[in-house]
Amino acid sequence: MCLAVLVLARSLASQAPSPLPLTVLAKDGRRAVPTASVNDQEFVALDDLAAAFQLAIHEESGAITITYKGKTIVVTPDQPLASVSGRLVSLPAPPARAGRRWLVPIEFISRALAVVYDVRLDLRKASHLLIVGDLRVPRITARYEPLGSAARLTIDATPRATSSVVQENDRITIKFDADALDAVDPQIPPPAAPSIVQAIRVLDPVTVSVELGPRFSAFRASTQQVDQTMRLVIDFLSPQSTTDAGTAPAAPSPTPELPPAFTQPTSAIRTVAIDAGHGGEDEGAKGAGGAKEKDLVLAVARRLKAAIEGRLGIRVLLTRDGDHNIAMDDRMALANNNKADLFISLHTNASLRHGASGATIYTAAFPRDAGSLVPPAPERLPTFGGGLRDIELVPWDLAQIRHIDQSASFAGILLEQLRGRVPLAARPVERAPLRILESANMPAVLVEMGFLTNPDQERKLVGNEFQTAFVQAVYDSVLKFRDALGAGGTR
Amino acid sequence: MTPQRTGVIAGVGVASAALVWLLFFGLPRWYGSPATSAAAAAAPSAPAAAGRKIKARLFYVGDDGARLVGVERDVPFGEGTAQQAKEIISAQIAPAADPLVSAVPPGTSLRAVFVTEKGDAYVDLSREASAAHPGGSLNELLTVYTIVNAVTANLPAVTAVQLLIDGKPVETLAGHVDLRRPLEKNLAWVQ
């Protein structure tokens, strides 16, 4: 399959002559500010910034003072630094002189000017956009896929922006509910299937148009929210694909030409963290026959990694891949910092009653008042170098609270997959204040695969038959969870 | 030597002795280690009234190994919440007679009990509670909730219990149950 990935904003950088001007977007319109390239570093003239942002510039004793409403920024020609209201910030290069004008690195805007300016400045360097104020300017990326006699266009708008899709003669327009689009290139190269779609263009600041080809017959559009992204999928159908999809023949229908719109693994689960419990001196539970929990769970973790990565193409992180103990916070830091979408901790159980048997799936439990400690929404905070960002401040020990419903969903899926394949405990799903789960900033479960203190279970747990069945059940659960997430079924 | 001079020397001697006692015995008692003083304040060594008993519900591992069962037992009366908690926990962690099975590892002893005004009890156990633990999430949950429920189910003034080991907070007993904060009563772990 030919896959054309169009990143609209980036295509601008690759096609237009260099250096590109900086487009300043504000409530009262847009304007271009020229840029210059010096030693591969982009610069902008202080004079131009002064005109655009009502700055006063004063040069004295080898220093340049930029003043805005009583606040000052001082730069010196030989130093890649700026003093912003007395605080030093770094710049990628010192100011440079061009004739009688002073140039400063483009990062001066986000690291220095944004700190003193009384309206939010959002510099999007990759797309040469400078957004002034709280404008809604979603980043737009598009992906075009020819699919036999049909084709699919997927457009992601981040942060989320709704859109309306309307056909007007030989054109489909997609109008976004936004102030502007972070996709300013008017010349998007045509995708790879010109017979159905000839070109995709940014028509005006908030509209993308799709120029239709002679083989176009019909289209269908659907949307889905994926985290902070609104995904719009438009399927373009030719007369042939319309016939295939629109009729209901008595004979067995062929494989549908168009796959479901929202089952792409990239939208739901990209990374799974597998935690083999204990390790090193911490051997965990031990069986009478000599089996050790730390060894057993590591073996299963490795098999799971091979199965999920090899067959699903999902990245799998192991919190440990050897016989050593890792602090619980370090295990969770690996999963959280790598933005894992699912966390599975593997253990084997123990009981003082040797008859106890079967697998148990645990999800986290918290004190009743813990929920009040988690802020309901991100906070907008200043960042290093200037500007503001939405930052989620979630207590580390309570990160799991926001994912508890999805954790329960995954536990339910896993239970169904384990049932009939491996022995289950009398209460196969439990909630408990387990240390390892509480800091997981993603759906998370702890699975006790069986009881090492039960001699019959110990024999089975170390055997290939049990481990193969268990790994297959977890694999199938990840697959089903991914599909459920993609379809919005567990949100 | 005049009687006055003798009196002065005697007075200096008594004062010196008092100073020595203060430096080497008095102050150490008043400014002893925080753990010692806290334990002493929390669980005064006043003996239980001779022979006086209360009925307490203690917890042991059920036949299925998956839940605790409650058993009513006579426990010595303790003056005040902390002292009564101490008596209950001491009874709870004592070796269980057949056919009962205790989820508390053998050899575990109670070091101290401290109850805050808020109703959180801090139960300081000896290191055996962790070092001799056989592991497993279920085992550990039953161990923890044996103590938590024994205190909270019998003492309404106590709403939550945090376990300490050798006077220090710990993350877990055996790698599973979070012990970094007090845990509330949870009878879901009791049949």
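All of the points below concern the structure found in this document. Keep in mind it's a predicted model, so treat the numbers as computed, not measured.

## Here's the deal with the packing of helix 8 (residues 404-418) of chain A against helix 11 (residues 464-486) of chain A
A packed helix pair is summarised by two numbers, namely the angle formed by the two axes and the spacing between the axes.
All names here are of chain A.
Alright, step 1. One can describe the packing of helix 8 onto helix 11 by two numbers: an axis separation of 9 Å at closest approach and a directional angle of 140°. Viewed along their axes, helix 8 and helix 11 adopt a mutual orientation that is oblique. When the axes of helix 8 and helix 11 are compared, the crossing they make is right-handed. Every residue of helix 11 that contacts helix 8 at F410, I413, L414, Q417 and L418 is listed here: A473, V474, D476, S477, K480 and F481.
Alright, step 2. Considered class by class, the residues forming the contact of helix 8 with helix 11 number seven nonpolar, two polar and two charged.

## Digging into the interface of chain A and chain B
Alright, step 1. Contacts between the two partners involve 27 residues from chain A and, on the opposite side, 22 residues from chain B.
Alright, step 2. Listing elements by their share of the side of chain A that touches chain B, those giving two or more residues are strand 25 (342-349), strand 29 (424-432), helix 9 (435-438) and strand 30 (444-451) of chain A.
Alright, step 3. The element best represented in the side of chain A that touches chain B is strand 29 of chain A, accounting for four residues.
Alright, step 4. Among the residues making up the side of chain A that touches chain B, the classes are represented as 13 nonpolar, seven polar and seven charged.

## Re the sheet that holds strand 29 of chain A
Across a sheet, strands are paired by hydrogen bonds formed along the backbone, either parallel or antiparallel in direction.
Alright, step 1. Read from one edge to the other, the open sheet built from six strands follows the order 24-23-25-30-26-29 (chain A), with strand pairing classed as mixed. Two strands close off the open sheet at either side, each with one partner strand: strand 24 (315-318) and strand 29 of chain A. Across the sheet, the mean angle from the axis of one strand to that of its neighbour is 20°, orientation sign disregarded.
Alright, step 2. Of the pairings in the sheet, the one linking strand 23 (residues 271-276) of chain A to strand 24 of chain A comprises four bridges and is parallel in character. Within strand 24 of chain A, the position partnered with A:A273 by the bridge is A:L317.
Alright, step 3. Along the sheet, helix 5 (residues 137-154) of chain B makes contact with strand 25, strand 26 (359-364), strand 29 and strand 30 of chain A, crossing strand 25 of chain A at roughly 80°.

Rules of the game
- Residues numbered from 1 in each chain as written.
- Chains lettered and ligands numbered in written order.
- Predicted model: local features only at pLDDT ≥ 70, side-chain atom pairs only at ≥ 80, totals over all residues.
- Axes fitted to C-alpha atoms, helices over the stretch in contact; angles between N-to-C directions.
- Helix = DSSP H or I, 4+ residues; strand = E, 2+ residues; numbered from the N terminus.
- Parallel < 35°, antiparallel > 145°, perpendicular 65-115°, else oblique.
- Left-handed = near helix turned anticlockwise from the far one by under 90°.
- Contact = placed C-beta atoms within 7 Å.
- Nonpolar A, V, L, I, M, F, W, Y, C, P; charged D, E, K, R; others polar.
- Pairing = 2+ DSSP bridges.

Remember, this is a structural readout, not a statement about activity or role.
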